[in-house]
Amino acid sequence: MWIVVGLGNPGRRYTGTRHNVGFMLVRRLARRWEVKFRKRKYGAKVAEVKRNKERLVLVQPQTYMNFSGLAVKEIVDGYRIPAQNLVVVYDDLDVPVGQIRVRKEGRPGSHKGMRSIVGEIGTSAFPRLRVGIGPLPEGDDAAEFVLSTFSREELPVLDVALARAEDALEMVIDGRIDGAMNAFNQKGMT
């Protein structure tokens, strides 16, 4: 079993914002795999699917970003999965729009949602997929920038990145994370 958590903020106010690219990706996966977010479970919206005889759970935490770990801990404990079967998808200011990064594990960096998750589940040893939303324009406030929407010019670039992220995620849950890192972590790819 795999759990794929897309990070974001709940509510219409945050729809389409940079901070919600995790939500955007899990919604795309739900459409791709023809499932709907029907359940509210463990403080999150949940969609379950069987793929290649394996159970997958798509998750959108309904806590705000900075408290994502509360819902993720409930999900991990409730489904009784090891952390290495959790994949977290989130936005990254240090990665340009149009690029993605796949990692097996690692520190949360400055991302408060990831800090919350690592703090709550007690480990950073789980795969993650970072979707670029940067760079932060010089002089802009990071907190305001992540809550802004993408420009008209950025939207097609973001769409391509999210499609690539779907493919990368498929490789991760198929046990090919090294291949996903080799294929998708190359700088300059858009």
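Preceding block: the structure.
Every chain is numbered on its own, with residues counted from 1 as its sequence reads. For a predicted model such as this one, the threshold for reporting local features is a pLDDT of at least 70, and the threshold for listing and counting side-chain atom pairs is 80 or more; totals across whole chains, interfaces and linings nevertheless cover every residue. Working from all heavy atoms in the structure, the side-chain values ignore hydrogens and water.

Trainee: What is the right way to read the overall build of the protein from this model?
Mentor: Where helices and strands are cited, they refer to DSSP runs of H or I of at least four residues and of E of at least two residues respectively, numbered from the N terminus. Within the protein one finds six helices and seven strands. Ordered by position in the sequence, the α and β elements of the protein form the string β-α-β-β-β-α-β-β-α-β-α-α-α. The C-alpha radius of gyration of the protein comes to 15 Å, within 12% of the 16 Å expected for a compact globule of 190 residues. Along the longest, intermediate and shortest principal axes, the C-alpha atoms of the protein span 45 × 30 × 30 Å. Within these notes, the globule rule equals 2.2 Å times the number of residues to the 0.38 power, and the radius of gyration is based on C-alpha atoms.

Trainee: Where do I start with the nonpolar core in this structure?
Mentor: In globular proteins that are soluble, nonpolar side chains generally tend to be buried together. What is meant by a nonpolar core is a set of buried Ala, Val, Leu, Ile, Met, Phe, Trp, Tyr and Cys residues, joined one to another through side-chain atoms within 4.5 Å. Burial classes follow relative accessibility: with a 1.4 Å probe on protein chains only, a residue under 20% of its type's maximum area counts as buried, one over 50% as exposed, and anything between as partly exposed. Counting 36 residues, the largest nonpolar core has Leu58, Ile100, Leu129 and Val131 as its most contacted members. Note on contacts: a residue pair qualifies if any of its non-hydrogen atoms lie within 4.5 Å across the two residues. Setting aside chain neighbours within four positions, we find leucine 58 in contact with Val4, Val26, Leu29, Ala30, Trp33, Val35, Phe37, Lys45, Val46 and Ala47. Ala44, Ala83, Leu86 and Met114 belong to the second largest nonpolar core, which has 21 residues in total.

Trainee: In this structure, what is going on with the sheet that holds strand β7 (residues 128-134)? I would like to understand it.
Mentor: Strand-to-strand pairing in sheets goes through backbone hydrogen bonds, with the strands running parallel or antiparallel. In space, the seven strands of this open sheet follow the order β2-β3-β4-β1-β5-β7-β6, with mixed pairing throughout. Bordering the open sheet on either side are β2 (39-41) and β6 (100-103), each of which pairs with just one other strand. Across the sheet, the mean angle separating the axes of adjacent strands is 30° when strand polarity is ignored. At least two DSSP bridges between two strands are required for those strands to pair. One ladder, built from three bridges, connects β2 with strand β3 (residues 44-51); its direction is antiparallel. Only the stretch in contact is used when a helix axis is fitted, and all axes are lines through C-alpha atoms; the angle between N-to-C directions ranges over 0 to 180 degrees.

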